[in-house]
Amino acid sequence: MSNRDAKKWHERWLLDKFRECYPVPKGTIDAAHEKPDIVIHTPRNRVGIEVTEIHHDKVIAGSRTQAQAGEREAVMDLMESSLKDRGAPPIAVYLHLTLPSRPQPGSRRDLATRLADYVIRSLPAIDEDFHRDYWEWLADHHLPPEIYSITIMRRRCLTSITCHAPAAEFMPDMLPRYLEQVITEKNRRVRDYRKRCDEAWLLLCIETGSLATGFSIESFSPAPTIVAKFDKVFLFSVMDRWVHEFACRT
């Protein structure tokens with residue numbers, strides 16, 4: 001699946017989840033284009049929905065913890081692909097990693113390749129585990145220095161290769177100013193959106209399953225109105241199945 005196909009699939013998945021929590025109009029869905037991401041052709045009009053995920057590293061200056069969470073996820077994805085390309089058997093790999101605060105270009109793929117090399121070298125027998133940690137660096141000179149610990153599980157019940165790395169525990173509060181920043185950016189594009197739709201919605205998604213989109217909404221206090229050129233603006237917490245519709249003013 002290409003990056004674009006994966007993006008469009010994910011947008012449809014978010015729309016389906018949103019539809020479970022809010023009465024989205026029914027009609028023929030066009031999700032093949034951009035600006036906006038999705039257009040629903042109803043008997044009455046065309047509803048355009050711009051689907052946007054709010055990420056920590058874009059709205060919170062200096063959130064290095066969340067940026068590294070995204071970096072780990074990217075390395076794990078590349079590592080899985082490398083293992084699959086090499087014909088590794090179904091395994092589950094669990095890693096504790098330390099990553100540089102400012103990764104260099106190409107460093108993700110280099111690290112993912114070295115990790116995959118080590119996993120291939122260390123594959124356990126069926127129904128056995130392999131484990132190493134940083135205390136064993138001197139005894140295992142092949143162990144990549146970025147690893148705090150690694151466990152490789154090979155089970156008969158596994159049907160695919162999965163790679164996991166603990167992500168950040170930091171969960172910032174959702175603040176109105178984070179939303180305002182994203183909405184201001186999207187407002188600049190509404191004129192283009194309206195070329196393909198009669199009614200423009202903005203769907204702001206958090207808690208989508210990626211820690212990079214994880215915000216706490218326990219203390220969230222939305223402003224009575226927001227400045228938006230959209231007809232409707234929503235904050236949607238996917239995992240919490242929580243929707244807030246904002247009152248918009250231009």
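Residues numbered from 1 in each chain as written. Predicted model: local features only at pLDDT ≥ 70, side-chain atom pairs only at ≥ 80, totals over all residues. Heavy atoms only, no water.

Once that is clear, we can look at the overall build of the protein. What the protein contains, in helices and strands, is six helices and 12 strands. Counting only C-alpha atoms, the protein reaches 65 × 35 × 30 Å along its principal axes. Among the 250 residues that make up the protein, the fraction classed as buried is 42%. Summarising the internal contacts of the protein: among those between residues at least 6 apart in sequence, 71% fall at separations of at least 24. Accessible surface, the protein: about 13800 Å² in total, of which carbon and sulfur atoms supply 50%. Placing the 36 positive and 36 negative side-chain charges of the protein at their respective mean positions leaves the two points 6 Å apart. (Helix = DSSP H or I, 4+ residues; strand = E, 2+ residues; numbered from the N terminus. Buried < 20%, exposed > 50% of the residue type's maximum accessible area, 1.4 Å probe, protein only. Contact = heavy atoms within 4.5 Å. Areas by Shrake-Rupley, 256 points an atom, 1.4 Å probe, with all protein chains shown as cover. Lys, Arg positive; Asp, Glu negative; His and termini not counted. Charge placed at Lys NZ, Arg CZ, Asp CG, Glu CD.)

Below, the discussion takes up the environment of leucine 143. Tracing the chain through its elements places leucine 143 in the loop between strand S5 (128-133) and strand S6 (147-154). Spatially, the C-alpha atom of leucine 143 lies 41 Å from that of isoleucine 217, the residues being 74 residues apart in sequence. Contact partners of leucine 143, with chain neighbours within four places excluded, come to Tyr118, Arg132, Asp133, Trp137 and Ile150.

Quick look at the sheet that holds strand S7 (residues 162-164) now. With mixed pairing, four strands are arranged side by side in an open sheet as S5-S6-S4-S7. Only two strands of the sheet have a single partner each, and these edge strands are S5 and S7. Strand-to-strand twist in this sheet, taken as the mean axis angle between neighbours without regard to direction, amounts to 10 degrees. Looking at chain direction, strand S4 (residues 92-97) and S7 are connected through three bridges and run parallel. Each bridged residue has a counterpart across the sheet, and for valine 93 the counterpart in S7 is cysteine 163. (Pairing = 2+ DSSP bridges. Axes fitted to C-alpha atoms, helices over the stretch in contact; angles between N-to-C directions.)

By the element assignment, alanine 125 lies in the loop between helix H4 (107-121) and S5. As a C-alpha pair, alanine 125 and methionine 153 span 28 residues in sequence and 9.2 Å in three-dimensional space.

Right, let's talk about the sheet that holds strand S10 (residues 232-237) for a bit. Overall, mixed pairing links the six strands, which are arranged S1-S2-S3-S8-S10-S11 in an open sheet. Edge positions in the sheet fall to strand S1 (28-30) and strand S11 (242-246), since each has one partner strand and no second. Strand after strand, the sheet turns through a mean of 25 degrees between neighbouring axes, direction not considered. Bridging between strand S2 (residues 38-41) and strand S3 (residues 46-53) involves four bridges; their strand directions are antiparallel. Bridging across to S3, histidine 41 finds its partner in arginine 46.

Let us look at helix H5 (residues 176-187). In this model H5 runs 16 Å from its N-terminal to its C-terminal C-alpha over 12 residues, within 8% of the 16 Å that 1.5 Å per residue would give. Residues of H5 that are buried include every one of Tyr178, Leu179, Val182, Ile183, Lys186 and Asn187, and no others. Looking down the long axis of H5, one finds its buried residues gathered within 165 degrees of arc, a one-sided arrangement. (Expected span 1.5 Å × (residues − 1). Arc of directions from axis to C-beta.)

Another point: the pattern of salt bridges. On inspection of all chains with the given rule, the structure shows 20 salt bridges. Between arginine 46 and aspartate 198 there is a salt bridge whose closest N-O contact spans 3.2 Å. Here the residue arginine 46 occupies a position in strand S3, and aspartate 198 occupies one in the loop between helix H6 (190-193) and strand S8 (199-206), the gap between them amounting to 152 residues. Residue classification places arginine 46 among the partly exposed positions, given a relative accessible area of 28%. (Salt bridge = Lys/Arg side-chain N within 4 Å of Asp/Glu carboxyl O.)

What follows covers unusual backbone geometry. Here the amide bond leading from lysine 35 into proline 36 is cis, since omega sits at -5 degrees, within 30 degrees of zero. Its place among the elements puts proline 36 in the loop between S1 and S2. The phi dihedral of lysine 35 is positive, around 55 degrees, even though this residue is not glycine. Note that lysine 35 resides in the loop between S1 and S2. Overall, the relative accessible area of 48% leaves lysine 35 in the partly exposed class. Located in the positive-phi region is arginine 241, a residue other than glycine, with phi close to 55 degrees.

Together, Tyr134, Trp135, Trp137 and Tyr148 line one region of the surface with nonpolar side chains, adding up to about 500 Å² of accessible area. When you line up the elements, tyrosine 134 lands in the loop between S5 and S6. (Patch = residues over 30% accessible without salt bridge, like charges linked within 9 Å, V, L, I, M, F, W, Y side chains within 5 Å.)

No statement about biological role is implied by the geometric values presented.
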